[in-house]
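Structural features, examined
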Amino acid sequence: MPATTRPVALVVAAVVATVTGSALPARAEPPADAVRNQYFYTVTRGHQGAPENLREIAERFLGDPQRAGEILELNVGRVQPDGGRLTGLDDLKPGWRLVLPWDAVGAEVEHGPLPADAARPSKCRWSTAVPDAASWGQSLLTPSGAWTVADGSGVKVAIVGSGVDGSAPGLAGRVLAGTDVAGGTGRGDDSCTGSGTALAGIVAGDDGAAGRTFGVAPGAKVIPVKAGATKPAPALAATAIEVAASSGAGVLLVGATVDAANPQVSAAIKEAIAGDVVVVIPAAAAAPAVDGLLRVGAAGRDGRPSTSVAADLLAPGAEVATIGRAGTGPEYAAAFVAGTIALVRSAHPGMSAVQVTRRVLDTVAGGVVAPVAAVTTPAAVEPAAVAAPEPAPRSGLGTLGTVLIAVAIGLGVLVTMLLVAHLWRRRPAALSPPGRAG
C-alpha cells in the first residue's frame, strides 16, 4: 500500500537524539499499530542524477533532512540483502531496504513486512518452531498491553554475556553491532553459542508468526557485549560492564555466568548505576542489594520462585519461549525484567535509574514483574511536607511596654522606701527607744 494513501502526521512530540549525537526535531507519537507495521524504501542507483544518501531520503519522504538520523537509527547494523550493513549517512548501496519512520510519505514508500531477502540467513542453527505452551510467560505478563503507551523505542538494552546472533529469526533490525570484549576485536552480534541470543529474544524479539511476539519491548535495540560463553574472569566481566554502560544503553542485562559478588564486578555495577543505567542480573549472580540494581529470581507457572535464592522480584523463568528453544533459569527471568525496564524508560524518559527500579518494584503483582502496571500506573505524588508554624512576630511596642512597666515598678519601690525613711525621722518622742532623747 503506497504511503500516499495515509494522512500526513503533525510534528508535535519530542524524539531522542540519534547515534550521530545530533538532536532530532520533535515529531508526533506513532499510532498504536505502528509497532506491527513497517514503512520502507528500496535504495536505487541514484536520484536526480546523484547518489542517494540518508539526508536526501529524509528530505524526500519526511520533509526534513535533519531526520536522517532517525532513519540511521532504525537501520544501523541491520543485515541487507547483499549481506552488508548500514554504518553511516552516506553508506548506501542499490537494492538495500531502509525501514522508515511511521510518518514517511511518498509514492516509492512501501508498506508491510520487509521481504524475506532483506535479512541474511543466520549462520547459526535456530529452530523456528517455538511450542505454544512455552509462551506462558508472555501470556502471563501480557506486555503488549503497554505498547499503546511505549514499546521500548528509543531505549538500548546492553546484554553482557555470550554475544548475540543479530541475524537470528525474530531479531532482524533489533540488534546493533556491539563489541567482543573477550576477544578484543570484532563484533558482538555474530555469536551462535551461549544464551545471549535467547535473552535478546525475550527482551525485543519477534517470532513473526501471525503477528505474535515473544519480546517484551519490540521497539528496543539490543547491544551485545561479548564476554565469553563460559564464566569470565572478574576483570574481564568488569570491563564488559563498563563498556556496556558507556554504550548509550539505558538498561544493562548481566548474564548468569558473571560473578556479581566479586568486588571488581560490584564496583563496575555501581559505576554503571551512577551513570544512570539500570542494571538487571539473575538472582543467582549473588550481588549485594543496591538502589538501581534489580536481582531477579525465576518463577514457575504457579508464580512461585523455583529456588530459594534471595531476589528483589520474580519473572517467568521455567520453559519460557524465546529464539530457537524454550529457556529455563533466572537469566531468562532477568530478560523479562530488562524488557520491562526498557518499556518504562521509553514511557518515562525523565526518570532516573533509581526511580525506574523503585517503580518496577512498587508495581509487582504477587512478587512477579508487571510490565503494564509499571508503565501505566500513575506516579505516586509525595505528600507535601507540613511546615512548622512560624512564631508570631514580636511587636517592638510590646517590648517597650514591658521595659516601662519594669521601670515603673522600680520607681514605685524607691518612692516607698524614701517615704518610709521620712516618716521614721518624724516619729513622736514617745516612740523613741528607751535611753535616747527625742
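Here, the structure is the one placed above.
Described in the following lines is the structure provided in the data block. (Residues numbered from 1 in each chain as written. Predicted model: local features only at pLDDT ≥ 70, side-chain atom pairs only at ≥ 80, totals over all residues. Heavy atoms only, no water.)

Below, the discussion takes up the overall build of the protein chain. Helix and strand content of the protein chain: 10 helices and 12 strands. In the protein chain, buried positions account for 45% of the 438 residues. A separation of at least 24 residues holds for 68% of the contacts in the protein chain among residues at least 6 apart in sequence. Per element, the accessible surface of the protein chain, about 21000 Å² overall, is 60% carbon and sulfur. (Helix = DSSP H or I, 4+ residues; strand = E, 2+ residues; numbered from the N terminus. Buried < 20%, exposed > 50% of the residue type's maximum accessible area, 1.4 Å probe, protein only. Contact = heavy atoms within 4.5 Å. Areas by Shrake-Rupley, 256 points an atom, 1.4 Å probe, with all protein chains shown as cover.)

Let's shift gears to the packing of helix α7 (residues 330–347) against helix α8 (residues 353–362). A pair of packed helices is captured by two measures, namely the crossing angle of their axes and the spacing between those axes. In contact at an axis separation of 10 Å, α7 and α8 are set at 120 degrees when each is read in the N-to-C sense. In the crossing of α7 with α8, the sense of the turn from one axis to the other is right-handed. Contacts from Thr 340, Ile 341, Val 344 and Arg 345 of α7 reach α8 at Ala 353, Val 356, Arg 359 and Val 360. (Axes fitted to C-alpha atoms, helices over the stretch in contact; angles between N-to-C directions. Left-handed = near helix turned anticlockwise from the far one by under 90°.)

This part is about the state of the cysteines. One pass over the structure, following the stated rule, counts one disulfide. Residue pairing for Cys 124: its cysteine sulfur links by disulfide to Cys 192, the two sulfurs lying 1.8 Å apart. Taking the torsion about the S-S bond as the criterion, the Cys 124 to Cys 192 disulfide, at about -80 degrees, is left-handed. Here Cys 124 is found in the loop between β3 (110–111) and α3 (136–141), whereas its partner Cys 192 is found in the loop between β5 (179–180) and α4 (196–204), with 68 residues between them in sequence. Relative accessible area serves as the criterion here: at 11%, Cys 124 is assigned to the buried category. Overall, Cys 192 belongs to the partly exposed group, its relative accessible area being 35%. (Disulfide = S-S within 2.5 Å.)

Glancing now at the packing of α4 against α7. Where α4 contacts α7, the axes come no closer than 8 Å and their chain directions differ by 35 degrees. Crossing angle aside, the handedness with which α4 passes α7 is right-handed. Note on element contacts: α7 touches α4 through Glu 331, Tyr 332, Ala 335, Phe 336, Ala 338 and Gly 339, opposite Ala 198, Leu 199, Ile 202 and Val 203.

For Gln 264, the location among the structural elements is in helix α6 (residues 263–274). Taking relative accessible area as the criterion, Gln 264 reaches 45% and is therefore assigned partly exposed. Measuring from C-alpha to C-alpha, the distance between Gln 264 and Ala 237 comes to 8.5 Å, with 27 residues separating the pair along the chain. Filtering out sequence-adjacent residues up to four positions away, Gln 264 remains in contact with Pro 234, Ala 235 and Ala 238.

Note on placement: Pro 65 falls in the loop between α1 (54–62) and α2 (68–75). For the pair Pro 65 and Arg 55, spaced 10 residues apart in sequence, the C-alpha to C-alpha distance is 4.6 Å. The contact partners of Pro 65, leaving out residues within four places of it in the chain, are Arg 55, Ala 58 and Glu 59.

The subject of this paragraph is the pairing of strand β8 (residues 278–282). Judged by how many residues are buried, β8 sits mostly within the fold: five of five residues are covered. Burial of the side chains of β8 extends over both faces: Val 278, Val 280 and Pro 282 are buried on one face and Val 279 and Ile 281 on the other. The pairing of strand β7 (residues 251–254) with β8 spans three bridges and is classified as parallel. In the strand pairing of β8, Leu 252 is matched with Val 279. After leaving β7, the chain enters α6 and then returns to the sheet as β8, a path that is right-handed. Looking at chain direction, β8 and strand β9 (residues 293–299) are connected through four bridges and run parallel. Bridging across to β9, Ile 281 finds its partner in Arg 295. (Pairing = 2+ DSSP bridges. Right-handed = clockwise from strand over helix to strand, strands pointing away.)

Looking now at the sheet that holds strand β10 (residues 313–316). Taken together, the seven strands give an open sheet; going across it, the order is β5-β6-β4-β7-β8-β9-β10, and neighbouring strands pair in parallel fashion. If you trace the sheet from one side to the other, it starts and ends with β5 and β10, each paired once. Docked against the sheet, α8 engages β8, β9 and β10, running at close to 30 degrees with respect to β9.

Moving on: the side chain of Thr 357. Relative to the helices and strands, Thr 357 is located in helix α8. From its side chain, Thr 357 meets the backbone oxygen of Val 354 in a polar contact 2.8 Å long. Discounting residues that sit within four places of it in the chain, Thr 357 has contacts with Val 278, Gly 292, Leu 293 and Leu 294. (Polar contact = N/O pair within 3.5 Å; in protein donor to acceptor, adjacent residues only side chain to side chain.)

The values are spatial; any link to function lies outside them.
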